[in-house]
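For reference, the chains in residue letters:
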Amino acid sequence: MTDSPPPVLDWATASPEARARLFRPARPADDHAGDALLTGIQQLIEDVRTQGDAALLQALKQFDRIDLTQQHIRVSAEEFAEARASLDPATTEAIRVAIAQVRAFSERELEHASWQERADGALLGVTARPLDSVGLFVPCGKGSFPSVLVQIATPAVVAGVPRIAVAVPPVAGTAGEVDPAVLVAAQELGIDEVYRVNGPAGIAALAHGTETVPRVDKIVGPGSPAVALAQREVQRSGCLVEVGYGPSDSLIVCDDQARPELLAADLLNEAEHGMDSSAVLVGTDESVLSRTAEEVARQAALLPEQRRRYAHSSIYDNGGIVLVRSLSEAMDIGNDYAPEHLQLAVADPESLLPLVRHAGTVLLGQWTTFAASNFAIGTPATLPTNGFARITSGVTTATYLKRIAVAGLDRTAFARIAPTVTALATHEGFPAHAASVTIRQEELR
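The structure presented is a predicted model; accordingly, all values stated were derived computationally and were not measured. (Residues numbered from 1 in each chain as written. Predicted model: local features only at pLDDT ≥ 70, side-chain atom pairs only at ≥ 80, totals over all residues. Heavy atoms only, no water.)

A word on the overall build of the protein chain
No. 1: Within the protein chain, the regular secondary structure consists of 18 helices and 14 strands.
No. 2: Viewed in the frame of its principal axes, the protein chain has a C-alpha envelope of about 90 × 60 × 45 Å.
No. 3: Evaluated residue by residue, the protein chain yields a buried proportion of 48% over its 445 residues.
No. 4: Of the contacts formed within the protein chain by residues at least 6 apart in sequence, a portion of 75% connects residues at least 24 apart.
No. 5: For the protein chain, the accessible area works out to roughly 21100 Å², and carbon and sulfur atoms hold 54% of it.
No. 6: Between the averaged position of the 36 positive side-chain charges in the protein chain and that of its 55 negative side-chain charges there is a distance of 5 Å. (Helix = DSSP H or I, 4+ residues; strand = E, 2+ residues; numbered from the N terminus. Buried < 20%, exposed > 50% of the residue type's maximum accessible area, 1.4 Å probe, protein only. Contact = heavy atoms within 4.5 Å. Areas by Shrake-Rupley, 256 points an atom, 1.4 Å probe, with all protein chains shown as cover. Lys, Arg positive; Asp, Glu negative; His and termini not counted. Charge placed at Lys NZ, Arg CZ, Asp CG, Glu CD.)

So, the packing of helix α10 (residues 260–271) against helix α11 (residues 286–300)
No. 1: Running from N to C, α10 and α11 cross one another at 55 degrees; their axes reach a closest spacing of 8 Å. Classified by the angle between their axes, α10 and α11 sit oblique to one another. Crossing hand, α10 versus α11: right-handed. Contacts from Pro-260, Glu-261, Leu-263, Ala-264, Ala-265, Leu-267 and Leu-268 of α10 reach α11 at Val-288, Arg-291, Thr-292, Glu-295, Val-296, Gln-299 and Ala-300.
No. 2: Class assignment for the residues of the contact of α10 with α11 results in nine nonpolar, two polar and three charged. (Axes fitted to C-alpha atoms, helices over the stretch in contact; angles between N-to-C directions. Parallel < 35°, antiparallel > 145°, perpendicular 65-115°, else oblique. Left-handed = near helix turned anticlockwise from the far one by under 90°. Nonpolar A, V, L, I, M, F, W, Y, C, P; charged D, E, K, R; others polar.)

Observations concerning the packing of aromatic side chains
No. 1: Here the structure, examined in full by the defined rule, presents zero aromatic pairs.
No. 2: Note that Arg-440 overlies the ring of Phe-414, its terminal NZ or CZ placed 5.9 Å from the centroid. (Phe/Tyr/Trp six-rings, centres within 6.5 Å; stacked < 30°, edge-to-face > 60°. Lys NZ or Arg CZ within 6 Å of the ring centre and 35° of its normal.)

Notes on the nonpolar core
No. 1: Core analysis: the biggest nonpolar cluster contains 41 residues, and Ile-95, Val-134, Leu-136, Leu-149, Val-194 and Tyr-400 have the highest contact counts within it.
No. 2: Ranked by residues supplied to this core, first place goes to helix α6 (residues 146–159) with seven residues.
No. 3: Here Ile-95 is in contact with Leu-87, Pro-146, Val-150, Ala-181, Val-184, Ala-185 and Glu-188, once residues within four sequence places are set aside.
No. 4: Residues Ala-59, Ile-203, Ala-207 and Val-241 belong to the second largest nonpolar core, which totals 33 residues. (Core = buried A, V, L, I, M, F, W, Y, C linked by side-chain atoms within 4.5 Å.)

Comments concerning the pairing of strand β12 (residues 341–345)
It is a general feature of regular strands that their side chains alternate between the two faces of the sheet.
No. 1: Of all five residues in β12, five are buried; the element is thus mostly enclosed.
No. 2: Going residue by residue along β12, you find His-341, Gln-343 and Ala-345 tucked away on one face and Leu-342 and Leu-344 tucked away on the opposite face as well.
No. 3: Bridging between strand β9 (residues 249–254) and β12 involves five bridges; their strand directions are parallel. Residue pairing for β12: Ile-252 is matched across the bridge by Gln-343.
No. 4: Examined bridge by bridge, β12 and strand β13 (residues 361–364) share four bridges and lie parallel to one another. Its bridge partner being in β13, Leu-344 is matched across the sheet by Leu-364. (Pairing = 2+ DSSP bridges.)

Remarks on the pattern of salt bridges
No. 1: If you walk through the whole model with that rule in mind, you get 17 salt bridges.
No. 2: Note that Arg-49 and Glu-46 form a salt bridge whose closest N and O atoms lie 2.7 Å from each other. Of this pair, Arg-49 and Glu-46 both sit in helix α2 (residues 31–51), separated by three residues, roughly a single helical turn.
No. 3: Here Lys-218 ties to Glu-242 by a salt bridge, and the two come within 2.9 Å at their closest N and O atoms. Placement of Lys-218 in strand β7 (residues 218–220) and of Glu-242 in the loop between β8 (240–241) and β9 is noted, with a sequence separation of 24 residues between them.
No. 4: Glu-242 sits in the buried class, given a relative accessible area of 15%.
No. 5: Among the ionic contacts, a cluster of salt bridges with common partners joins Arg-84, Glu-93, Arg-96 and Glu-188. (Salt bridge = Lys/Arg side-chain N within 4 Å of Asp/Glu carboxyl O.)

Thoughts on the side chain of Thr-154
No. 1: Along the polypeptide, Thr-154 turns up in helix α6.
No. 2: Reaching out from Thr-154, the side chain makes a polar contact with the backbone oxygen of Val-150 at a distance of 2.7 Å.
No. 3: Beyond its immediate stretch of four places on either side in the chain, Thr-154 contacts Ile-99, Val-102, Arg-103, Leu-149 and Leu-189. (Polar contact = N/O pair within 3.5 Å; in protein donor to acceptor, adjacent residues only side chain to side chain.)

Points about the confidence of the model for the protein chain
No. 1: Here the protein chain shows a mean pLDDT of 93. Residues at 70 or above account for 97%.
No. 2: Confidence over residues 26–32 falls short of pLDDT 50; this stretch has two contacts with residues more than four positions distant or in other chains. (pLDDT = per-residue confidence, 0-100.)

Remarks on helix α8 (residues 199–208)
No. 1: Within α8, nine of the ten residues are buried, which leaves the element mostly enclosed by the surrounding structure.
No. 2: Listed in full, the buried residues belonging to α8 are Gly-199, Pro-200, Ala-201, Gly-202, Ile-203, Ala-204, Ala-205, Leu-206 and Ala-207.
No. 3: Among the residues of α8, the N-terminal cap falls to Asn-198, whose side-chain oxygen and the backbone nitrogen of Ala-201 are separated by 3.2 Å.
No. 4: Just downstream of α8 lies Gly-209, where phi reads positive at about 85 degrees.

Some remarks on the sheet that holds strand β6 (residues 194–196)
No. 1: Across the sheet, which stays open at both edges, the five strands sit in the order β6-β5-β4-β7-β8 with parallel pairing between neighbours. Strand pairing shows two members of the sheet lacking a second neighbour, β6 and β8, which therefore form its edges.
No. 2: Here strand β4 (residues 133–137) runs beside strand β5 (residues 163–168); their pairing, made up of five bridges, is parallel. Directly across from Phe-137, in β5, lies its bridge partner Ala-167.

Remarks on the sheet that holds β12
By way of backbone hydrogen bonds, the strands of a sheet pair with one another, either parallel or antiparallel.
No. 1: Taken together, six strands build an open sheet; the order of strands is β1-β11-β10-β9-β12-β13 and the sheet is parallel. The sheet terminates laterally at β1 (8–10) and β13, the two strands that pair on one side only. Pairs of neighbouring strands in the sheet enclose a mean axial angle of 20 degrees, with direction left out of account.
No. 2: Relative to strand β10 (residues 278–283), β9 runs parallel, the two sharing six bridges. Each residue of the ladder has a partner; that of Ile-252, found in β10, is Leu-281.

Focus: helix α9 (residues 225–234)
No. 1: For α9, the tally of buried residues reaches seven of ten residues, placing the bulk of the element in the interior.
No. 2: Taken together, the buried positions of α9 are occupied by Ala-226, Val-227, Leu-229, Ala-230, Gln-231, Glu-233 and Val-234.

The following block contains the structure:
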């Protein structure tokens, strides 16, 4: 069955309710179901904390219908070899190219992570050092995602993290097989510590440690609502989690020069991720938007049934097509939405770049597609969603670095700031602070 074209919402005449719906993230229909999920996740985390591997195996059996023993939690060297032998060479080569692209971007970023400068007897700077250990979560529920591992692991490798552990659920419907493409991506990056786990249970294992899975200092990676809840909960135990990576969302800004068939293709690109994704198009030309709506219906009908359902939910229910009076107004909506991916499908995309305040990534023009960003450009593709782009950024080398401030003063530089130190120390009631200056006064004279 083919859907009718999605409606075009005129922003100028839209009701407050219609406007608010565009910005309301998809939520469970039953709040009590959400409460029940949280309670279940909290109990699962406690079970893993107290029972270790036994709880991991029980979670696999209960939620993934996979019955394994303790020795199967960590992926073996033989499985890595079998994965490489079974994977299509073209996919292996694509993984290598994607890693090279992300590595090049990450190395450039790392060059600017540390700096020092000397002036007037003072040395100031920052020394960047990698975290000791990180746990990376790679989802598996809706498909094969080696690109996720490439995107979140390559910056960690470039940053120099000594220990990188990967948690990945087994492929549904198998006896516990781990996605071979993910294993090849890990091996290409020099990572051999991979664990097959239920999603939320795996997050708990990385945070607390078990007999087989040593704990890590930080967890990074997107996942289902259950995984996101687990990530939020384990922070209570002191494990840092990079938050904000939930269901995908995107927004395209277009003008009268944009090609409708390409706009529709890019809307569907992001919309096919899942029922809880969101895809929005905001444009200034009613004819372009109407033709795009027709293209969305036509192209969606060509998708497999499951992806078509995902796309319908993402565009018709969670997203939409919006008519505005100016590109400035379109950018205001984009900033309020704070999308994971923002594409500027306009005649002069760079002219709009200064107006961008909130976005995970900005794609300039219709040749810079979401798919290219997701797989091969090299810029971050694990990005903040659900408005988190207002306060955080995508996964880069910075995600895996600590920044240590460095300072050095000679006598002249110290003498220059000594009166400031003494005055503030005296005002705030810290005599020992002030004395640490006055004890040096003789030498300063």
